[in-house]
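# Fold and contact review
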Amino acid sequence: MARIAAAAEVYIQLPADAQGLNDDLRDASLSVQTAAEENVTAQDLMAAARADYARMVGALYEVGRYGGVVSVKVDGREVADISPLSTPRQVRQIVIQVQPGPLFHFSTTRIAPLAPETDLPEGFRPGAPAYSDIIGKSVKAAGDAWRNRGHAKVAIADQRMTANHAGARLSIDVTLAPGPRLTFGNLVIQRPGAVRPERVRAIAGLPTGKVYSPEEVRQASRRLRRTGAFSSVVLEEAETIGPGNTLDIQATLTDAKPRRFGFGAEISSLEGLTVSSFWLHRNLFGGAERLRIEGEVSGIGGDSGGMDYVFSTRFERPATFNPDTDLYLSARAQELDEPDFRERSVRVGGGFLHRFSDELTGEIGVAYQYSDINDDLGSRTLEHFLLPASLEYDTRDEELNAKKGVYANLELTPFLGLDNDSLGARLYFDARQYMTFGKTDGLTFATRAQFGSVSGAGIGEVPPDMLFYSGGAGTVRGQSYKSLAVDLGPGLRIGGRSFAALSAELRARVKDKWSVVGFADAGFVGADSWWDEGEAHYGAGFGVRYDTGLGPIRVDIATPLGSDAGEDIELYIGIGQAF
């Protein structure tokens, strides 16, 4: 039975002129890693010490040292001289002595034949330091260039690496065999699952008959993953070339659980509690169709009007017309009991969603909305025909806790009043940017700008939920919920036709999963469409975040800025960053 060894000391000894290599060698040493673990046996340490001969030589190659000498001693004895059958009962000390030798430089750097416009790394040239990773990157770049031109089976036909130790020179000579230029064959599904094979092929969109491209394979894989119908997607090239220089792609797919359920909650000292829930089916008819049903109740126990109810459903069919275009059908019923209005509305519609790239998505559709309204303009009903369109650009690293990237959403909804002949459009723009600084990426600066406008129709000719208010968690924290609107006279208010809001946050990680945040917000609402006249208000505060892995738990305290600063305090608790 192996005994647990006491903690062993590991030393790496280098000449005085090579101390700069210490970190590289320690990172490569398995002895260093093993000695730091718990419940390590002497046998574990001996195995790590034996492995360090090759690991030290490999680490030296990475920094261009091809004439190094490595000695590994355990308690004064060379490990290579100790029989694996006579492992010592205890290991107290491991000493790794390294004579790195001189830095080698390239004398010859040849990879041939090269595909047209091949871009090799800058360091792969005669006279440059002969780092081994540069060699690997250069050979890979040459192979990738051939693959990108359709030569999927490019291979190394011959390779020669010659080290001249007297002159500390390294010669590299690699011969490639590009093979024939291939076209895509069929997408072969290894084990058909719950999604019908013809729909799998339609969603993947593999361009059968066109010249092979690794990017097309990656794109097909991304299309299958984003449906959510599969927990695992693996696309691999067939081992052999098919008739007519075609190449089949083999798909190994694992079905995801078709149904998913989730919920969320957020609380504000003024707006009260908001709870939401959704149910999702990710393969409704066997073609990776998605049906999402969700509901939200807000204003529970709040002081911002009554409770609001929203119930909505959305059906999506991927790969309609082409692999990057989805069909959607949607419906929404809501009752909004806000401080300045009460609105019951129903909207039904449909349209298409198109993905121009991984970052850019667009939607366009048609919709009908019926609204029953009671506000400071009186009671009325409105019917509208709408043409909602949107563009979304998203390069954020995380949706709920972004540290880097940009998010921008542009919505334009032309509308026609079916009962009052009003003709107009609603514009809304939301842009966010995230920048992270510091050696440990512990400081994040986040900014947000929102703009909105309703043109071509009077305030009374559009539903209140298409107008703009400011104040509360989504606009200006510290100000009361929807406290900024258009003043119609003593005690009378309504939403504005123009809107702007600016927010900035500085997020600093203080320990492990804890962060502190300071923020400032500003908002504007105007009666006209183009921000000519209106009123503004401001708020600021601080908060804490605890990162759960799924998203940070957020607690913010804010106050209005101005003459009443510090008099009113608002508390906000939720999941995810404020923006």
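As a starting point, this report considers the structure included with it. All values derive from a computational prediction rather than experimental measurement.

One can find Arg-223 in helix α6 (residues 214–226). Under the relative-accessibility criterion, Arg-223 is labelled buried at 8%. A polar side-chain atom of Arg-223 sits 2.8 Å from the main-chain carbonyl oxygen of Ala-204. For Arg-223, the contacting residues outside a window of four places in its chain are Ile-203, Ala-204, Gly-205, Pro-323 and Asp-324.

Glycine aside, residues mostly have negative phi angles, and peptide bonds mostly take the trans form. Of note, the bond from Ala-112 into Pro-113 is cis; its omega dihedral lies within 30 degrees of zero at -10°. Of note, Pro-113 is situated in the loop between β5 (105–112) and α4 (132–148). Its identity as a non-glycine residue notwithstanding, Asn-245 has a phi of 55°, on the positive side. The topology assignment puts Asn-245 in the loop between β9 (230–237) and β10 (246–255). At Lys-482, a residue that is not glycine, the phi angle is positive and equals roughly 50°.

It is worth spelling out the nonpolar core at this point. Note on soluble globular proteins: their nonpolar side chains tend to be buried together. Of all hydrophobic cores here, the largest spans 28 residues; its most connected members are Leu-25, Val-91, Ile-94 and Ile-96. Elements that contribute at least two residues to this core include exactly β1 (9–13), α1 (22–28), α2 (30–35), α3 (42–62), β2 (69–74) and β4 (93–99). With near-sequence residues (within four places) excluded, Ile-96 lies in contact with Val-10, Tyr-11, Ile-12, Gln-13, Ser-29, Ser-31, Asp-52, Met-56, Val-70, Ser-71 and Val-72. Counting residues in each nonpolar core, the second largest holds 25 residues, with Ala-152, Val-200, Ala-220 and Ile-249 among its members.

Looking at helix α5 (residues 197–204), one finds that the buried residues are Arg-199, Val-200, Ile-203 and Ala-204. Viewed along the axis of α5, the buried residues span an arc of 130°, placing them on a single side of the element. The inward-facing, buried residues of α5 contact β8 (183–189), α6, β9, β10 and β14 (308–317). At the exit of α5 stands Gly-205, carrying a positive phi of roughly 65°.

A full pass over the atoms with the stated rule returns 11 aromatic pairs. Where Tyr-66 meets Phe-104, the ring centres are 5.5 Å apart and the plane angle is 70°; that geometry is what we call edge-to-face. Taken together, the positions of Tyr-66 in the loop between α3 and β2 and Phe-104 in the loop between β4 and β5 put the pair 38 residues apart, joining distant regions of the chain. The same class applies to Tyr-66 and to Phe-104, which are both buried.

Let us look at the packing of α5 against α6. Relative orientation and spacing of two packed helices are given, respectively, by the angle between their axes and the distance between those axes. Look at α5 against α6: their axes get within 8 Å of each other, and the N-to-C directions meet at 120°. As judged from the angle between their axes, α5 and α6 are oblique. Two secondary-structure elements touch here, α5 through Val-200, Ile-203 and Ala-204 and α6 through Ala-220, Arg-223 and Leu-224. When grouped by side-chain class, the residues that make up the contact of α5 with α6 number five nonpolar, no polar and one charged.

This paragraph deals with the sheet that holds β2. Spatially, four strands are ordered β1-β4-β2-β3 in an open sheet, and the strand pairing comes out mixed. Unpaired on one side and paired on the other, β1 and β3 (77–78) mark the two borders of the sheet. Relative to β4, β1 is paired through five bridges, and the arrangement is parallel. Across the sheet, Ile-12 pairs through a bridge with Ile-96, a residue of β4.

Reading guide: rules and limits
- Residues numbered from 1 in each chain as written.
- Predicted model: local features only at pLDDT ≥ 70, side-chain atom pairs only at ≥ 80, totals over all residues.
- Heavy atoms only, no water.
- Helix = DSSP H or I, 4+ residues; strand = E, 2+ residues; numbered from the N terminus.
- Buried < 20%, exposed > 50% of the residue type's maximum accessible area, 1.4 Å probe, protein only.
- Polar contact = N/O pair within 3.5 Å; in protein donor to acceptor, adjacent residues only side chain to side chain.
- Contact = heavy atoms within 4.5 Å.
- Core = buried A, V, L, I, M, F, W, Y, C linked by side-chain atoms within 4.5 Å.
- Arc of directions from axis to C-beta.
- Phe/Tyr/Trp six-rings, centres within 6.5 Å; stacked < 30°, edge-to-face > 60°.
- Axes fitted to C-alpha atoms, helices over the stretch in contact; angles between N-to-C directions.
- Parallel < 35°, antiparallel > 145°, perpendicular 65-115°, else oblique.
- Nonpolar A, V, L, I, M, F, W, Y, C, P; charged D, E, K, R; others polar.
- Pairing = 2+ DSSP bridges.

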